Amino acid sequence: MPELPEVETIRRQLAPHLEGRTLQRLEIRDARWCSPVGAEDLSGALEGRRIERVSRRGKYFVFELEDEVFLLVHLRMTGTLLLDCAPETPYQRVIFTLDDGRALRFCDPRRFGTGELVLGSDALDAFFAGRLGIEPLGPELTGTRLRALARGRRAPIKAFLLDQRHIAGVGNIYADEALFRARIHPLRPAGKLTGAQCEALADAVRVTLVAGIDAGGSTIDDFRHPDGVQGSFQNEFLVHLRRGEPCHTCGTAVIKLVAAGRGTYVCESCQPRPRVRRRPSAAQPVALTDPRPASPGSLPPARR
């Protein structure tokens, strides 16, 4: 699934071509894209309006049209936004036609991508308030804030990072890379992180996301820029997808495990696995006498 760097890369490339233009026609070929809003109802609400701004919140594109009409687009697993691509490009679900004749096409072979209509800035705030946490590239992400969010949580830190209600936009790739940079094992309980570890992780999340944006995102399967070009951050991975390869830092082989239900890559030399404290089982009695075995042939002392 495209994560924050991929979405931000597309946003930066689309904004100069879309902002200030009028959406002349919106052809929705797959009604599931905007369900439960009907395709004709969505087109009627958007057509003829000027696109004032193309912004981003987490992994969502926010098309801000005049009169506080918002279209929120999510690529999900395999969605792509292609500008002026060939008309016969496969898997076209939606076509945005601008007043200058240019066409933006939403292509999605697995049909998981979505478009949602929101009317008014208050409704927009309410939509995101229940779904997304802090923006990791803004001033909100600090070690102190991260530790406060994680306090008392027993879930692994990898699961914590993937939960968009905590930090918006971080997915599987960038969680692996950030945890490696911070030298934190993905299975460590989020609430057990120290203040220093939270500071290191906040910095690592930010550095990893910026590196991904600078590289134009990661292309592993379907991700493309609006002009069809692939991203290149996959060539800079430190651990993700590098199972069996030597760690760039210590030379230990990178392993793959499952955390939060996702394939997860880790160097367990640089990211020590958390220790598990074992408590005596309630069904197993605790010895109250000297547990050392008697010497062969010895007898217990006689009672007096």
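Residues numbered from 1 in each chain as written. Predicted model: local features only at pLDDT ≥ 70, side-chain atom pairs only at ≥ 80, totals over all residues. Heavy atoms only, no water.

Asker: Kindly report on helix H2 (residues 39-46), identifying the contributing residues and their values.
Answerer: For H2, every residue scored as buried is listed here: Ala-39, Leu-42, Ser-43 and Leu-46. When H2 is viewed along its axis, its buried side chains cluster within an angular range of 100° and face the same direction. Facing away from the buried side of H2, by more than 90 degrees, are the exposed residues Glu-40, Asp-41 and Gly-44. On its buried face, H2 sits against strand E1 (23-28), strand E3 (60-65), strand E4 (69-74) and strand E8 (114-119). In the segment just after H2, Gly-48 is the residue with positive phi, at about 90°. (Buried < 20%, exposed > 50% of the residue type's maximum accessible area, 1.4 Å probe, protein only. Helix = DSSP H or I, 4+ residues; strand = E, 2+ residues; numbered from the N terminus. Arc of directions from axis to C-beta. Contact = heavy atoms within 4.5 Å.)

Asker: Got a sec to walk through the environment of Arg-49? Specific residues and values, please.
Answerer: By the secondary structure assignment, Arg-49 is in the loop between H2 and strand E2 (51-57). As for Arg-49 and Leu-23, which are separated by 26 residues in sequence, their C-alpha atoms are 5.8 Å apart. Residues within four places of Arg-49 in sequence aside, it is in contact with Arg-21, Thr-22, Leu-23, Leu-65, Glu-66, Asp-67 and Val-69. There is a polar contact of 2.7 Å between the side chain of Arg-49 and the backbone oxygen of Ala-45. (Polar contact = N/O pair within 3.5 Å; in protein donor to acceptor, adjacent residues only side chain to side chain.)

Asker: Describe a nonpolar patch on the surface, listing the residues and the values that go with them.
Answerer: Where nonpolar side chains cluster on the molecular surface, the patch consists of Met-1, Met-77 and Phe-112 and spans about 270 Å² of accessible area. Of note, Met-77 is situated in the loop between E4 and strand E5 (80-83). By relative accessible area, which is 38% here, Met-77 ends up partly exposed. (Patch = residues over 30% accessible without salt bridge, like charges linked within 9 Å, V, L, I, M, F, W, Y side chains within 5 Å. Areas by Shrake-Rupley, 256 points an atom, 1.4 Å probe, with all protein chains shown as cover. Salt bridge = Lys/Arg side-chain N within 4 Å of Asp/Glu carboxyl O.)

Asker: Go over the pattern of salt bridges with me, naming the residues and quoting the values.
Answerer: Counting across every chain of the model gives 20 salt bridges. Glu-66 is the partner of Arg-50 in a salt bridge, and the nearest nitrogen-oxygen pair spans 3.7 Å. Taken together, the residues Arg-50 in the loop between H2 and E2 and Glu-66 in the loop between E3 and E4 connect sequence positions 16 residues apart. With its nearest N and O atoms 2.9 Å apart, the salt bridge here joins Arg-165 to Asp-163. Overall, the relative accessible area of 58% leaves Arg-165 in the exposed class.

Asker: Before we move on, could you go through the sheet that holds E8 and cite the residues and values that matter?
Answerer: Spatially, four strands are ordered E2-E3-E4-E8 in an open sheet, and the strand pairing comes out antiparallel. At either margin of the open sheet sits one strand with a lone partner, and together these are E2 and E8. Direction aside, the axes of adjacent strands within the sheet are offset by 20° on average. Summarising the sheet, E2 and E3 pair through six bridges and their orientation is antiparallel. Residue pairing in the sheet places Arg-53 in a bridge with Glu-64 of E3. (Pairing = 2+ DSSP bridges. Axes fitted to C-alpha atoms, helices over the stretch in contact; angles between N-to-C directions.)

Asker: Hey, could you go over the packing of helix H6 (residues 172-182) against helix H7 (residues 195-214) for me, with residue numbers and the actual values?
Answerer: Across the interface, H6 lies against H7 with an axial gap of 8 Å and an inter-helix angle of 130°. Taken together, the axis directions place H6 and H7 in an arrangement best described as oblique. Between H6 and H7 lies a crossing of right-handed hand. Residues Tyr-174, Glu-177, Ala-178, Leu-179, Arg-181 and Ala-182 of H6 form the contact with H7, whose participating residues are Ala-200, Leu-201, Ala-204, Val-205, Val-207, Thr-208, Leu-209 and Gly-212. Looking at the contact of H6 with H7 residue by residue, the classes come out as 10 nonpolar, two polar and two charged. (Parallel < 35°, antiparallel > 145°, perpendicular 65-115°, else oblique. Left-handed = near helix turned anticlockwise from the far one by under 90°. Nonpolar A, V, L, I, M, F, W, Y, C, P; charged D, E, K, R; others polar.)

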